[in-house]
Amino acid sequence: MMIKKVLVAVLMTAALAGCETQTEGQQRATTGALIGGAGGALVGQAIGGNTKSTVIGAASGALLGAVVGSATTPQRRGEQLCRYQDRYGRIYTAPCDDRYYNGDY
């Protein structure tokens, strides 16, 4: 039993150490997946009481947590790129202007 706890601690440390080079959106998705997976496993075990329910709950929770974590990442001004077309018909990308952020596009 002690070996399992040590193994889980090492794996969690390695997983969290990999977050150092991720963007904010990737970090939020990873954190959401970890929290959702743990919560889903607890709920799956409480509802079904067997391994299959626990695994299904963990997978569902991890997926939902990753989606929510990624979707709730705030967008900062100047980081979003928009497509523009000049008067000659050429299309280019550039940082979005205030019309994008105000919804007037």
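For the structure given in this document, a descriptive report is provided here. (Residues numbered from 1 in each chain as written. Predicted model: local features only at pLDDT ≥ 70, side-chain atom pairs only at ≥ 80, totals over all residues. Heavy atoms only, no water.)

**Focus: the overall build of the protein**
Short version of the rule: Secondary structure elements follow DSSP: runs of H or I no shorter than four residues count as helices, runs of E no shorter than two count as strands, and numbering proceeds from the N terminus. In this scheme, a residue with accessible area under 20% of its type's maximum is buried, one over 50% is exposed, and one in between is partly exposed, where area comes from a 1.4 Å probe on protein chains only. Whether two residues are in contact is decided by their heavy atoms: any pair within 4.5 Å suffices. Values of accessible area rely on a 1.4 Å probe in the Shrake-Rupley scheme; residue burial ignores everything except the protein chains shown.
For the protein, the count of helices and strands is 4 helices and 2 strands. Taken from N to C terminus, the helices and strands of the protein fall in the order α-α-α-β-β-α. Sorting the 105 residues of the protein into buried and exposed places 18% on the buried side. Sequence-distant contacts, at least 24 apart, represent 35% of the contacts inside the protein between residues at least 6 apart. When the accessible surface of the protein is summed, it comes to about 8,100 Å², and 63% of that surface belongs to carbon and sulfur atoms.

**What about the state of the cysteines?**
This is how the line gets drawn: Two cysteine sulfur atoms make up a disulfide if the distance between them is within 2.5 Å.
Inspection of every chain in the model, using the stated rule, returns 1 disulfide. Each sulfur of the disulfide joining C82 and C96 lies 1.8 Å from the other. Its S-S torsion of about 100° marks the bond between C82 and C96 as right-handed, since a negative value means left-handed. Residue C82 is found in strand 1 (residues 81-85), and its partner C96 is found in the loop between strand 2 (91-95) and helix 4 (98-102); the two are separated by 14 residues along the sequence. Residue classification places C82 among the buried residues on the basis of a relative accessible area of 13%.

**Re the pattern of salt bridges**
Selection rule: Just to be clear on terms, a salt bridge is a Lys or Arg side-chain nitrogen sitting within 4 Å of an Asp or Glu carboxyl oxygen.
According to the stated counting rule, one finds 1 salt bridge in the structure shown. D86 is paired through a salt bridge with R90; the nearest N and O atoms lie 2.8 Å apart. Its relative accessible area of 23% is what places D86 among the partly exposed residues. For R90, a relative accessible area of 52% corresponds to the exposed category.

**Description of the pairing of strand 1**
Defined as follows: When DSSP finds at least two bridges between two strands, those strands are taken to pair.
Burial along strand 1 is one-sided: the residues C82 and Y84 are buried and none of L81, R83 and Q85 is. Both strand 1 and strand 2 contribute to a ladder of 5 bridges, which runs antiparallel. Each residue of the ladder has a partner; that of Q85, found in strand 2, is I91.

**Describing the packing of helix 2 (residues 24-48) against helix 3 (residues 51-71)**
Under the convention used in this document: What counts as an axis is a line fitted to C-alpha atoms, over the stretch in contact for a helix, and the angles between N-to-C directions run from 0 to 180 degrees. Angle categories are assigned with fixed cut-offs, so that under 35 degrees is roughly parallel, over 145 is roughly antiparallel, 65 to 115 is roughly perpendicular, and the rest are oblique. Crossing chirality is assigned from the near helix's rotation relative to the far helix, an anticlockwise turn below a right angle marking it left-handed and a clockwise turn marking it right-handed. When residues are grouped by polarity, Ala, Val, Leu, Ile, Met, Phe, Trp, Tyr, Cys and Pro land in nonpolar, Asp, Glu, Lys and Arg in charged, and all others, Gly among them, in polar.
Closest axis-to-axis distance for the helix 2/helix 3 pair is 5 Å, and the angle between their directions is 150°. Taken as axis vectors, helix 2 and helix 3 run roughly antiparallel relative to one another. Here helix 2 runs over helix 3; the crossing is right-handed. Contact residues: helix 2 offers G25, R28, A29, G32, A33, G36, G37, G40, A41, G44, Q45 and G48, while helix 3 offers S53, T54, G57, A58, G61, A62, G65, A66, G69 and S70. The class makeup of the residues in the contact of helix 2 with helix 3 is 6 nonpolar, 15 polar and 1 charged.

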